[in-house]
Amino acid sequence: MTTNTESKDLVGRGNRDGAELFRQWFNELNQTANEGGQCAYVFVMGSINEILKAFDLPVVFPEINSLQTAVRRVAHEYLGEAEDYGYSPDICGYVKADVAVQLRHGEHPMGNIPQPSLAVLTNACNTYIKWAEIWQRMYDVPVVTIDIPGTREAGGQTWQGNEHFDADRRYVQAQLEELITICEQVTGKKFDIDKLREVMKQANTVSTCWNKVLDLNRSRPSVFSALTDGTIYLGVANGFRGTEAGARYFQQLVEEMEYKAAHGIGTITDEIYRLVFVGVPCYPIFRRFNEMFTEWGGTFVHSTYLWFASGGANRGFEYDLKRPIESLAEGVLITVRDAMDSMFHQDYALDAMIDDYHVDGIVYHPIKSCRTVSTGLADVRQHVAKKHDVASLFVESDMMDRRVVTEAPMKNRIDAFFEGLASRRQQALLK
Ligand code: SF4
């Protein structure tokens, strides 16, 4: 038996609390910037937040800062400034928005962004490497690039106990140990392994709960939109990984999603078509883009973005706290490798989603300024179409640049896609 008050408190709590945590996070960054404190610049695919949090270093995710300029509809100002400074209109829009933030001495719509004391990145995207070089030139700070061995062949991921996995794990571990030494030099603090254990314990809760939340969207109707709500959860999963606040948020999110699933409360009132989104969202018209689908009763039940942009946390990997450094290296190897696989071979991720989530259609969203995620998507579409009898839509735009986002033609394509889905469904009923 449920009460209206119970439902009111629970339903939508993840979005409300997520927005509040975001405000707190940016307030902390603003304060750090104003006081000239230290912070680390990191990326979503392999932030190594566990080590940084063990040194109490606030983390800045420039990718998240950049997408926030698009959501707040001012990205064009930042992109324009970076292009005037000399960056090509062609390159990753996140880089350009961040360059403009740096040129403005940290000025951002959500508050001031502090300058980096250190940058940590992985090889998950080639752009990360060139991007960090910009900060190195601007601020002369240490840049630590963690080289993560990828999957060597299709379906060939190796695991604990395999000699190749163990060699890769040792390789990652040695790099993490170097990062710890650099953190000691930068912060002047001694590394505390018990503090790392505590951070890893909180990170375990975030990962296992994130994995459960994703699983819970198999229910009919789906309990959250992978495109809109999912992006809020993803932000918390990245920014608050390893913190008590992050762990509590995700435990409560599981509670909310279980409640919605048990009571048949969907993300929209009338779910007709279940969709999967492939690529990076269209942030310049973030809400409107989603509405063009929900107006037809389409809900996004999953996305490849929720895999790769969570840095592989979707795996639900749990660290063994009895051997923290070794286990951290295993976790970083497994999750970042998985993030790379779900980005470069989005067909594997789709194979795992289509039947499990009862998918009616796939929406491919290749974008101008992220080639890493968009290259080969047309081939992926063809490949998936041969294996699965699922309708698909290919709609091109951008994650940042409103000059290449044209709503009217996009809507025409989306409307035609739904007309096709309706006719498919009718034909299936006649069989
Ligand atoms: S994955 Fe795409 S959006 Fe992210 S840094 Fe690389 S090029 Fe930019």
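These remarks concern the structure in this document. (Residues numbered from 1 in each chain as written. Predicted model: local features only at pLDDT ≥ 70, side-chain atom pairs only at ≥ 80, totals over all residues. Heavy atoms only, no water.)

### Re the layout of surface pockets
Point 1. Here the largest pocket is characterised by a volume of approximately 950 Å³.
Point 2. For the lining of the largest pocket, the element with the highest residue contribution is helix H7 (residues 126-139), accounting for seven residues.
Point 3. Across the lining of the largest pocket, the residue classes tally to 31 nonpolar, nine polar and 10 charged.
Point 4. Here the second largest pocket is characterised by a volume of approximately 470 Å³. (1 Å grid on protein atoms, 1.4 Å probe; cavity = no way out; pocket = protein on both sides within 12 Å on 5 of 7 lines; lining within 4 Å. Points joined across faces, edges and corners; volume = space filled by probe spheres on them. Helix = DSSP H or I, 4+ residues; strand = E, 2+ residues; numbered from the N terminus. Nonpolar A, V, L, I, M, F, W, Y, C, P; charged D, E, K, R; others polar.)

### A closer look at the packing of aromatic side chains
Point 1. As enumerated under the stated definition, the model contains 27 aromatic pairs in all.
Point 2. A ring pair is formed by Trp25 and Phe240, whose centres lie 6.0 Å apart and whose planes are at 70°; its orientation type is edge-to-face. With Trp25 in helix H2 (residues 13-35) and Phe240 in the loop between helix H10 (229-239) and helix H11 (244-262), the pair connects residues that are 215 residues apart, well separated along the chain. This pair shows no difference in class: Trp25 is buried, exactly as Phe240 is.
Point 3. With a centroid separation of 5.7 Å and an interplanar angle of 75°, the aromatic rings of Phe317 and Tyr319 are classed as edge-to-face.
Point 4. Exposure remark for Phe317: the relative accessible area of 14% places this residue in the buried category.
Point 5. Chaining the aromatic ring pairs together yields one cluster made of Tyr273, Phe277, Phe289, Phe293, Trp296, Phe300, Phe417 and Phe418.
Point 6. A cation over an aromatic ring shows up here: Arg104 above the ring of Tyr78, its NZ or CZ 4.0 Å from the ring centre.
Point 7. Above the ring of Trp159, the side-chain terminus of Arg337 is found at 4.7 Å from the ring centroid. (Phe/Tyr/Trp six-rings, centres within 6.5 Å; stacked < 30°, edge-to-face > 60°. Buried < 20%, exposed > 50% of the residue type's maximum accessible area, 1.4 Å probe, protein only. Lys NZ or Arg CZ within 6 Å of the ring centre and 35° of its normal.)

### What about the pairing of strand E8 (residues 298-303)?
Point 1. The buried fraction of E8 is high, at six of six residues.
Point 2. Pairing of strand E7 (residues 273-279) with E8 involves five bridges; the strand directions are parallel. Within E8, the position partnered with Phe277 by the bridge is Ser303.
Point 3. Once the chain exits E7 it traverses helix H12 (residues 286-294) before rejoining the sheet at E8, and the crossover so formed is right-handed. (Pairing = 2+ DSSP bridges. Right-handed = clockwise from strand over helix to strand, strands pointing away.)

### Quick word on the sheet that holds strand E10 (residues 391-394)
Point 1. In spatial order, the strands read E8-E7-E9-E10; together these four strands make up an open sheet with parallel pairing. Every interior strand has two partners, whereas the edge strands, E8 and E10, have only one. Between one strand and the next, the sheet's axes are offset by a mean angle of 30°, whatever the strand orientation.
Point 2. Against the sheet, helix H17 (residues 377-387) touches E7, strand E9 (361-365) and E10, its axis set at about 165° to E9. (Axes fitted to C-alpha atoms, helices over the stretch in contact; angles between N-to-C directions. Contact = heavy atoms within 4.5 Å.)

### Digging into the site of the ligand
Point 1. Every residue near the ligand is listed here: Glu63, Cys92, Tyr94, Cys125, Thr127, Tyr128, Trp131, Cys370, Thr372 and Met399.
Point 2. Counting residues per element, the shell around the ligand draws most heavily on H7, at three residues.
Point 3. A breakdown of the residues in the shell around the ligand according to their chemical character gives seven nonpolar, two polar and one charged. (Near = heavy atom within 4 Å.)

### Quick look at the pattern of salt bridges
Point 1. Tallied over the entire structure, the rule returns 32 salt bridges.
Point 2. For Glu50, the salt bridge identified is with Arg241, shortest N-O distance 2.9 Å. With Glu50 in helix H3 (residues 49-54) and Arg241 in the loop between H10 and H11, the pair connects residues that are 191 residues apart, well separated along the chain. This pair shows no difference in class: Glu50 is buried, exactly as Arg241 is.
Point 3. With a shortest N-O distance of 2.8 Å, Glu83 and Arg403 are connected by a salt bridge. Taken together, the residues span a long stretch of sequence, with Glu83 in helix H5 (residues 75-85) and Arg403 in the loop between E10 and helix H18 (407-430) at a distance of 320 residues.
Point 4. The class of Glu83 is buried, set by a relative accessible area of 17%. (Salt bridge = Lys/Arg side-chain N within 4 Å of Asp/Glu carboxyl O.)

### Let's talk about the sheet that holds strand E1 (residues 40-41)
Point 1. Read from one edge of the open sheet, four strands run E2-E1-E5-E6, paired in parallel fashion. The open sheet is flanked by strand E2 (59-60) and strand E6 (143-146), the only strands paired with a single partner.
Point 2. For E1 and E2, the ladder comprises two bridges, and the chain directions are parallel. Paired with Ala40 across the strands is Val59, a residue of E2.

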